[in-house]
Amino acid sequence: MRTVAAPVDDPLDIYRLCAAGYSGDRNARLIAIELTVADDAASFDAKAPSADYHLVVARRDVNEGAITVTNDEMKALYSDKLADGPGRPVYDRLRSAARICPLCGQRVVSTLDHYLPKSKYPSLSVHPRNLIPACADCNKTKQAKVGTISDENTIHPYFDDITSLRWLYARVTRCSPVVIEYFVDPPIGMALDLARRVEAHMVAFGLAALFSTHAAEELTLIRERLLGLRRGSGFAGLRDYLEDEAESRLTPRVNNWNGALYDALARDPWFLESGVLDVPAA
């Protein structure tokens, strides 16, 4: 998970740009609900820093007096006028704010993900700070679910910086073949509600399983090197190598699956003594 600089666009400017792609009755109705759209955008921006997204008003349709813009029409504002249409330059700029998906930290960005789902928050369908550059897998994996309390909400890359303190760790499961399990161990200094949201994020996006799969592949690729070190340098030499590799990977990013893997291997006496033999060959 990575942080991304929040876009500074005025949400109403983006909304008006997209609405201008329509004419006639639809354009008139979109203009008529501007006050509601602006109020909901302001509510989102005010509640985002404390992750109180559950306090943002959910809507089926967007109404202003006798005027109604349906949920489907608001969702089309995103798909037809932001992702394709007059707002496309904005879409491309928001998507290009990150090369690697900040939600998983693994895959290439290919789309935008609605932090609060447009099916429940149609007035935020083109709000720039509700749109996160993401990979296709994360965009599909996340369900249209919002926590009932702040602790249950996932990490928002624009508002949550979880990169300075280490919270991602791994452990060796002593079986054949070797399995690496990933877990969250929040450090002293990390707020409890933030730690819980990190855990919620890991679950929502299936990151523990993703990292475990990556670790299994990494172990297979380095198997022969590990066995060679064990034969030539023994227990201590293998441990020193793994510690060096862990440090080199954890220095630039303290929460990456690769660094956590090498750290877990270096700290596990069973792996150093015999578990390395249970790493499957390529």
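Turning next to the overall build of the chain. A tally of helices and strands in the chain yields 10 helices and 6 strands. In terms of principal-axis extent, the alpha carbons of the chain reach across some 80 × 35 × 30 Å. Contacts in the chain between residues far apart in sequence, at least 24 positions, make up 71% of those at least 6 positions apart. For the chain, the exposed surface amounts to about 12800 Å²; the carbon and sulfur share of it is 52%. For the chain, the distance from the average position of its 33 positive side-chain charges to the average position of its 38 negative side-chain charges is 3 Å.

Next up on the list: the packing of helix α1 (residues 11-19) against helix α3 (residues 34-47). At a closest axis distance of 9 Å, the pairing of α1 and α3 adopts a crossing angle of 140 degrees. Here α1 is positioned oblique relative to α3, judged by the angle of their axes. Every pair of crossing elements has a handedness; the one defined by α1 and α3 is right-handed. Contacts between α1 and α3 involve Pro11, Leu12, Tyr15 and Arg16 from the first element and Glu34, Val37, Ala38, Ala41 and Asp45 from the second.

Once that is clear, we can look at the side chain of Glu218. The topology assignment puts Glu218 in helix α8 (residues 207-250). No salt bridge is formed by the buried Glu218; the nearest opposite charge belongs to Arg249, separated by 4.2 Å. When neighbours within four sequence positions are excluded, Glu218 is seen to be in contact with Arg249, Trp257, Asn258, Leu261 and Tyr262.

Spanning 13 residues, helix α7 (residues 192-204) covers 18 Å between terminal C-alpha atoms, matching the ideal 18 Å at 1.5 Å per step. Of the residues making up α7, those classed as buried are Leu194, Ala195, Arg197, Val198, Ala200, His201 and Met202. On its buried face, α7 is in contact with β5 (168-173), β6 (179-184) and α8. One or two steps after α7, the chain reaches Gly206, where phi turns positive at roughly 60 degrees.

Over its 44 residues, α8 runs only 18 Å from end to end, short of the ideal 64 Å by more than 12%, given 1.5 Å per residue. Where α8 bends most, at Ser233, the angle is about 130 degrees.

Tallied over the full model, the rule gives 7 aromatic pairs. Plain terms: the ring middles of Tyr78 and Tyr91 are 6.3 Å apart, the flat faces sit at 55 degrees to each other, and that makes the pair tilted. Of the two residues, Tyr78 is situated in helix α4 (residues 71-82) and Tyr91 in helix α5 (residues 88-95); the sequence distance between them amounts to 13 residues. Owing to a relative accessible area of 8%, Tyr78 belongs among the buried residues under this scheme. Judged by its relative accessible area of 6%, Tyr91 is buried. Look at Tyr158 and Phe159: their rings are 6.5 Å apart centre to centre, the planes differ by 75 degrees, and that puts the pair in the edge-to-face class. In this structure Tyr158 comes out as buried when scored by relative accessible area, which is 10%. One aromatic cluster is present, formed by Phe44, Tyr53, Tyr115, Tyr158 and Phe159 through successive ring pairs.

One pass over the structure, following the stated rule, counts 19 salt bridges. Note that Arg197 is salt-bridged to Asp160, the shortest N-O span being 2.9 Å. Linking Arg197 in helix α7 with Asp160 in the loop between α6 (136-141) and β5, this pair joins segments that are 37 residues apart in sequence. Here the salt bridges share partners, and the residues they tie into one network are Asp25, Arg26, Arg29 and Glu73.

Thresholds, definitions, all that
Residues numbered from 1 in each chain as written. Predicted model: local features only at pLDDT ≥ 70, side-chain atom pairs only at ≥ 80, totals over all residues. Heavy atoms only, no water. Helix = DSSP H or I, 4+ residues; strand = E, 2+ residues; numbered from the N terminus. Contact = heavy atoms within 4.5 Å. Areas by Shrake-Rupley, 256 points an atom, 1.4 Å probe, with all protein chains shown as cover. Lys, Arg positive; Asp, Glu negative; His and termini not counted. Charge placed at Lys NZ, Arg CZ, Asp CG, Glu CD. Axes fitted to C-alpha atoms, helices over the stretch in contact; angles between N-to-C directions. Parallel < 35°, antiparallel > 145°, perpendicular 65-115°, else oblique. Left-handed = near helix turned anticlockwise from the far one by under 90°. Buried < 20%, exposed > 50% of the residue type's maximum accessible area, 1.4 Å probe, protein only. Salt bridge = Lys/Arg side-chain N within 4 Å of Asp/Glu carboxyl O. Expected span 1.5 Å × (residues − 1). Bend = angle between axes of the 7 residues up to and from the residue. Phe/Tyr/Trp six-rings, centres within 6.5 Å; stacked < 30°, edge-to-face > 60°.

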